[in-house]
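Architecture at a glance
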Amino acid sequence: KITEAGYRTRIRFLIFKFRVDTWWFGLPLLLRSLLLAFVPVFESSDGHIQFFMTSAILTLGLALHLVMQPYSDRYANCLEALELSFLIIILT
């Protein structure tokens with residue numbers, strides 16, 4: 001159904017920035033944000049574990065992004081990869 005032009009027009013506001021074959025990539029982005037928000041909830045007392053959890057989430061997010069290259073714009077893919085890389089560098 002996602003390949004039908006009329007359907008894509010109706011849900012364009014949800015998937016406009018993604019390629020047609022990676023329309024679902026908004027879900028991993030939401031999951032990454034949710035996991036980052038829950039790091040202090042999962043481990044509230046140990047900063048080292050929070051550091052490793054945050055590093056793991058960001059590294060997995062970067063790896064998934066580099067493999068999939070989900071955005072239709074090449075510059076958006078590069079910017080997202082740079083942002084995640086800088087976050088990892090700043091964190092470490």
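Keep in mind that this is a model prediction, so the values were computed, not measured. (Residues numbered from 1 in each chain as written. Predicted model: local features only at pLDDT ≥ 70, side-chain atom pairs only at ≥ 80, totals over all residues. Heavy atoms only, no water.)

In contact at an axis separation of 9 Å, helix α3 (residues 26–42) and helix α4 (residues 47–68) are set at 175° when each is read in the N-to-C sense. With respect to α4, the element α3 is oriented roughly antiparallel. Where α3 approaches α4, its residues Pro28, Arg32, Leu35, Leu36, Val39, Pro40 and Phe42 are matched on the opposing element by Gln50, Met53, Thr54, Ile57, Leu58, Gly61 and Leu64. When grouped by side-chain class, the residues that make up the contact of α3 with α4 number 10 nonpolar, 3 polar and 1 charged. (Axes fitted to C-alpha atoms, helices over the stretch in contact; angles between N-to-C directions. Helix = DSSP H or I, 4+ residues; strand = E, 2+ residues; numbered from the N terminus. Parallel < 35°, antiparallel > 145°, perpendicular 65-115°, else oblique. Contact = heavy atoms within 4.5 Å. Nonpolar A, V, L, I, M, F, W, Y, C, P; charged D, E, K, R; others polar.)

This part is about the side chain of Arg32. On the secondary structure map, Arg32 appears in helix α3. Since its relative accessible area comes to 18%, Arg32 is described here as buried. Non-local contacts of Arg32, meaning those with residues more than four positions away in its chain, are made with Ile57, Gly61, Glu80 and Leu84. (Buried < 20%, exposed > 50% of the residue type's maximum accessible area, 1.4 Å probe, protein only.)

We now examine unusual backbone geometry. With a phi angle near 45°, Gln69 is a residue other than glycine that sits in the positive phi range. Structurally, the position occupied by Gln69 is in the loop between α4 and α5 (74–91).

Mapped onto the fold, Ser33 is located in helix α3. Expressed as a C-alpha distance, the spacing of Ser33 and Gly61, which sit 28 residues apart in the sequence, is 9.9 Å.

Moving on to the nonpolar core. Counting 5 residues, the largest nonpolar core is built from Leu58, Leu62, Ala81, Leu84 and Ile88. At the level of elements, α4 and α5 are the ones that each hand at least two residues to this core. Broken down by element, the residue count for this core peaks at 3 residues, all from α5. (Core = buried A, V, L, I, M, F, W, Y, C linked by side-chain atoms within 4.5 Å.)

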